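One-letter residues, chain by chain:
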Amino acid sequence: MQAMSKVEDEQLPSPDRALPKAPTGIAGLDEITFGGLPRGRPTLVCGSAGCGKTLLAMEFLVRGATQYREPGVFMAFEETPEELARNVRSLGFDLDNLIRKKKIAVDFVRVERNEIEETGEYDLEGLFIRLNAAIESVGARRVVLDTIEALFSGLQNEGILRAELRRLFRWLKDKGVTAVITGERGEGTLTRRGLEEYVSDCVILLDHRVVDQVSTRRLRVVKYRGTTHGTNEYPFLIDKDGFSVLPITSLGLQHEVSDERISSGIPRLDTMLGVKGFYRGTTILLSGTAGTGKTSMAAHFVNAACERAERCLYFAFEESPGQLTRNMRSVGIDLGKWIKKGLLNVHSSRAAFYGLEMHLALIHKLVQEFRPDIVVADPVGALIGAGTRRDANLMIVRLIDFLKVQGITAMLTNLTSGGEALERSEVDISSIVDSWLLLRDIELGGERNRALYILKSRGMAHSNQLREFLLTDHGVELLDVYVGPEGVLTGSARVSLEARERASSLATQQEVERKDRERQRKRDALEARIFAMRKEFEIEEAETDVLASQELSREERLEDDRLAMAINRRADEGNGIARRRKKSGQE
Amino acid sequence: MKKASAKSPLTLDDIVRNAAPGDAEKWDLRLYVAGQTPRSVAAFANLKRLCEEHLAGRYNIEVIDLMKHPQLAAGDQILAIPTLVRKLPQPIRKIVGDLRDTERALVGLQLRPGKI
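Along every chain, residues carry numbers that run from 1 in the direction the sequence is written. Here the convention is simple: chains get letters from A, ligands get numbers from 1, in the order in which they are written. Only residues with pLDDT of at least 70 get local features here, since the model is predicted, and only at 80 or more are side-chain atom pairs given and counted; chain-wide, interface and lining totals rely on the full set of residues.

## Observations regarding the overall build of chain B
Then, in step 1: Broken down by element type, chain B carries three helices and five strands.
Then, in step 2: Put simply, DSSP H or I for four residues or longer makes a helix, DSSP E for two residues or longer makes a strand, and each gets a number counted from the N terminus. Walking chain B from its N terminus toward its C terminus, one meets helices and strands in the order β-α-β-α-β-β-β-α.
Then, in step 3: In this scheme every C-beta is placed from the backbone, and a residue whose C-beta has 20 or more other C-beta atoms within 10 Å is buried, one with 12 or fewer is exposed, and one in between is partly exposed. Out of the 116 residues in chain B, the part that is buried amounts to 35%.

Printed below as a string of structure tokens:
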């Protein structure tokens, strides 16, 4: 819409400015043409029968009348006004109402050859007069001539006809109306009658191709004088809302990135993804062989998003919505309640039902309508069934680009068929996805177990471990990693090894306890001995004391005896005796 | 709208000469032109001569100038100018051009059966 309003500013014809353009209002076409059709000039829309020329032209008029206040004239050479009104009603356009409101005039020009005889000179002034009258009746700024080539079948004199057509297109330019002229595709030429010779400002080619029984509508701007335009073939879609062209490949790599992280819905998987989960707006690929739980993982992701009140769009190419919700209930995820709340939209379609472009167009359209935060495509590889492998790759790349630009987190699942290298996705999109989770079977000891690892995840420190997981009735459960001397083990091998380990650790514990008891015993014994020795020592000590005191008293007695003897012998006062006397006298 | 009707006394000669089917019918002719261009003037002159020769006394020519009445172009599905429309007798026939080629004009008006 920004592009459109910019174009509206450029409406004034000015030689200094870029070529003025008239927005068509057709989704996607204005992006490809960078603003619309050349204002005030004729544009040729050509294509084979049934490719949508008339509808494109009519939508150009109706949108001009309703959205850009530019009334229009539709000059029909093939269909009557009643037929036209009926045909475009299926696109939601009320032509009768617009005619009543004088916003659109329809003039039906019938050319019947068998009614007409030609004799002599003539010109097509009658056509000019009618066109002019119609233009003036509504003040038209836009004109459609559908399909003017019908004149060639009604009038014989081609010389006159060609001169008059040249004059007509000149006249339309002078009138300053933006015209769309439709033309049937010819053999090797753009139009059967070479109209491109007269209308050379802008040529749009519509194509309706059937490859491998799958039909795809494509649009290409063959030529647009004086302005840039997208040159690729763009798929387009005609449905209840009219025309929509998908200029997906015109998008560059300039989308904004988010630092926000969102949970995968499995807490332990978030831990593996640098604790916080995936980055918002990135593309996640889940690949794995059949039955490895890809859909269950995706359902977890969706469930977590819905719990955060985010909107999810789920494209199921192999299961119906009912089947999906039932199957996910078995792993404890209730998607039904989110569908009821309108947060989840499951869109099921067989991949082979439409062409790739149609799928892309539908996804594009649904995304625009539903405005989801999360898109899941399950399994994206199924789209190969709708085209060739190369086309499918291209389409998925375009899809991823488109979702990235919208800031939508995409989860794609992909089935890896047996025999192929696991680390290679069926569609070679692995290089453009941001996170790639590989789910695989591990066959060991006569059983298959599921394991996952993160092959890559841009911008986060992710785990490098191979983790076993179980699909339980309450969802996907990641188990502890068993990394023992015998490598990584899964399933019952892990269980039995764990049991063995538990047994051996019990034995070790018992041994430790035994040793502990032994030590206690030794300590007890040692302490008993220490006690006994201490007692022994105490006894000895006591005895020594007794002996010492006995010795002392004996010595005292001896002294007394000696003193008594000295007194008896009248010995002189010796030092010792005198002292003793004195001492005893004092006592 | 310019009306140009010419009546002259019916002679035996005329009856014999115009002994075509629908003989006694009234011919209602309309000539569409756009302005007084040499081509439209020539067409009218040629038509007048032709009628005088073959339909004397039982024809009526109505000349419609689309420059003045553009809304009348759609009714008879007029594209080319000049166009002569035979309204009566039925069915409607159209002859485009200035009617210079009298033989073709007569075939176109079914005044002469079959192709020459």
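## Some remarks on the overall build of chain A
Then, in step 1: When helices and strands are counted, chain A shows 16 helices and 25 strands.
Then, in step 2: Per-residue burial over chain A gives 42% buried out of 587 residues.

## Some details on the confidence of the model for chain A
Interpretation of this model should avoid reading the predicted coordinates in detail wherever pLDDT is low.
Residues and elements named next belong to chain A.
Then, in step 1: For every residue, the predictor reports its confidence as pLDDT, a number between 0 and 100. Scored by pLDDT, chain A comes out at a mean of 82, with 88% of its residues at no less than 70.
Then, in step 2: Per-element confidence in chain A ranges from a low mean pLDDT of 42 for helix 1 (residues 2-9) to a high of 92 for strand 4 (residues 72-76).
Then, in step 3: Once C-beta atoms have been placed from the backbone, residue pairs whose C-beta atoms lie within 7 Å are recorded as contacts. Scored below 50 in pLDDT, residues 1-16 makes 18 contacts in the model with residues more than four places away or belonging to other chains.

## Examining helix 14 (residues 389-405) of chain A
Residue and element names in this part refer to chain A.
Then, in step 1: Here the expected length of a helix is defined as 1.5 Å per residue gap, with one fewer gap than residues. With 17 residues, helix 14 should reach 24 Å at 1.5 Å per residue; the first-to-last C-alpha distance of 24 Å fits that figure.
Then, in step 2: If you check which residues of helix 14 are buried, you get Ala392, Met395, Ile396, Arg398, Leu399, Ile400, Phe402, Leu403 and Lys404.
Then, in step 3: For helix 14, the secondary structure elements touched by its buried residues are strand 15 (283-288), helix 13 (356-370), strand 18 (374-378) and strand 19 (409-415).
Then, in step 4: At the C-terminal side of helix 14, Gly407 shows a positive phi close to 75°.

## Concerning the interface of chain B and chain A
You'll often see interface size given as the accessible area lost when the parts meet.
Then, in step 1: Taken residue by residue, the interface counts 29 residues in chain B and 22 residues in chain A.
Then, in step 2: Secondary structure elements with two or more residues in the side of chain B that touches chain A: strand 5 (93-96) and helix 3 (102-108) of chain B.
Then, in step 3: Residue classes in the side of chain B that touches chain A are distributed as 17 nonpolar, five polar and seven charged.
Then, in step 4: For two strands to count as paired, DSSP must find a minimum of two bridges between them. Where strand 6 (residues 116-118) of chain A meets strand 5 of chain B, three bridges bridge the pair, whose relative direction is parallel. Residue pairing for strand 5 of chain B: Ile116 of chain A is matched across the bridge by Lys94 of chain B. Just so you know the grouping, Ala, Val, Leu, Ile, Met, Phe, Trp, Tyr, Cys and Pro go in nonpolar, Asp, Glu, Lys and Arg go in charged, and all remaining residues, Gly too, go in polar.

## What about helix 15 (residues 491-569) of chain A?
Owing to its 3.6 residues per turn, the α-helix aligns residues three or four sequence positions apart on the same side.
Then, in step 1: With 79 residues, helix 15 of chain A should reach 117 Å at 1.5 Å per residue; the first-to-last C-alpha distance of 116 Å fits that figure.
Then, in step 2: With its phi angle positive at about 55°, Arg570 of chain A sits one or two positions after the end of helix 15 of chain A.

## Let's talk about the sheet that holds strand 23 (residues 475-478) of chain A
Residue and element names in this part refer to chain A.
Then, in step 1: As summarised here, the arrangement of the nine strands in space is 17-16-18-19-15-20-21-22-23, forming an open sheet in which the pairing is mixed. Lying at the two open borders of the sheet, with one neighbouring strand each, are strand 17 (344-348) and strand 23. Taken over all neighbouring pairs, the strand axes of this sheet differ in orientation by 25° on average, direction set aside.
Then, in step 2: Sheet topology places strand 16 (residues 312-316) next to strand 18; five bridges connect them, and they run parallel. Within strand 18, the residue paired with Tyr314 across the bridge is Val376. Each axis is a line fitted through C-alpha atoms, taken for helices only over the stretch in contact, and angles between the N-to-C directions span 0 to 180 degrees.

## Structural notes on the pairing of strand 5 of chain B
Residues and elements named next belong to chain B.
Then, in step 1: Bridging between strand 4 (residues 83-88) and strand 5 involves four bridges; their strand directions are antiparallel. When the bridges of strand 5 are listed, Thr83 appears paired with Val96.
Then, in step 2: Hairpin connection of strand 4 to strand 5: four residues between the antiparallel strands.

## What to know about the pairing of strand 11 (residues 233-239) of chain A
Residue and element names in this part refer to chain A.
Then, in step 1: In the sheet, strand 11 pairs with strand 12 (residues 242-245) via four bridges, with the strands oriented antiparallel. Looking at strand 12, one finds that Ile238 is bridged to Phe243.
Then, in step 2: What sits between the antiparallel neighbours strand 11 and strand 12 is a turn of two residues.

## Quick word on the nonpolar core
All names here are of chain A.
Then, in step 1: Any nonpolar core is a set of buried residues, restricted to Ala, Val, Leu, Ile, Met, Phe, Trp, Tyr and Cys, that join up through C-beta atoms within 7 Å. If you look at the biggest cluster of nonpolar residues, it comprises 170 residues, and the most contacted ones within it are Phe74, Val245, Val302, Cys312 and Val376.
Then, in step 2: Element by element, the count of residues in this core is highest for helix 10 (residues 294-307), at eight residues.
Then, in step 3: Not counting residues up to four positions away in its chain, the partners in contact with Cys312 are Val302, Ala305, Cys306, Leu343, Leu344, Pro372, Asp373, Ile374 and Val376.

## A look at unusual backbone geometry
Then, in step 1: Along the chain, Asp146 of chain A connects to Thr147 of chain A via a cis peptide bond; the corresponding omega equals -20°.
Then, in step 2: The linkage connecting Ile81 of chain B with the following residue, Pro82 of chain B, adopts the cis geometry, with an omega of -5°.
Then, in step 3: Inspection of the secondary structure puts Pro82 of chain B in the loop between strand 3 (59-65) and strand 4.
Then, in step 4: The backbone phi angle of Arg69 of chain A is positive, close to 50°, even though this residue is not glycine.
Then, in step 5: Inspection of the secondary structure puts Arg69 of chain A in the loop between helix 3 (53-67) and strand 4.
Then, in step 6: A positive phi angle, near 55°, is found at Gln77 of chain B, a position not held by glycine.
Then, in step 7: Relative to the assigned elements, Gln77 of chain B resides in the loop between strand 3 and strand 4.

## Describing the environment of Lys404 of chain A
Residue and element names in this part refer to chain A.
Then, in step 1: Mapped onto the elements of the fold, Lys404 is located in helix 14.
Then, in step 2: Under the C-beta neighbour-count criterion, Lys404 is labelled buried, with 21 such atoms within 10 Å.
Then, in step 3: Along the chain, Lys404 and Glu256 lie 148 residues apart, while their C-alpha atoms are 8.4 Å from each other.

## Remarks on the environment of Phe108 of chain A
Then, in step 1: Note on placement: Phe108 of chain A falls in strand 5 (residues 104-108).
Then, in step 2: Discounting chain neighbours no more than four positions away, the residues touching Phe108 of chain A are Ala76, Thr80 and Pro81 of chain A.

## Thoughts on the confidence of the model for chain B
Then, in step 1: Confidence in the prediction for chain B averages 76 pLDDT; 76% of positions are at 70 or higher.
Then, in step 2: Across the whole predicted complex the pTM is 0.63, and at the interface the ipTM reaches 0.76.

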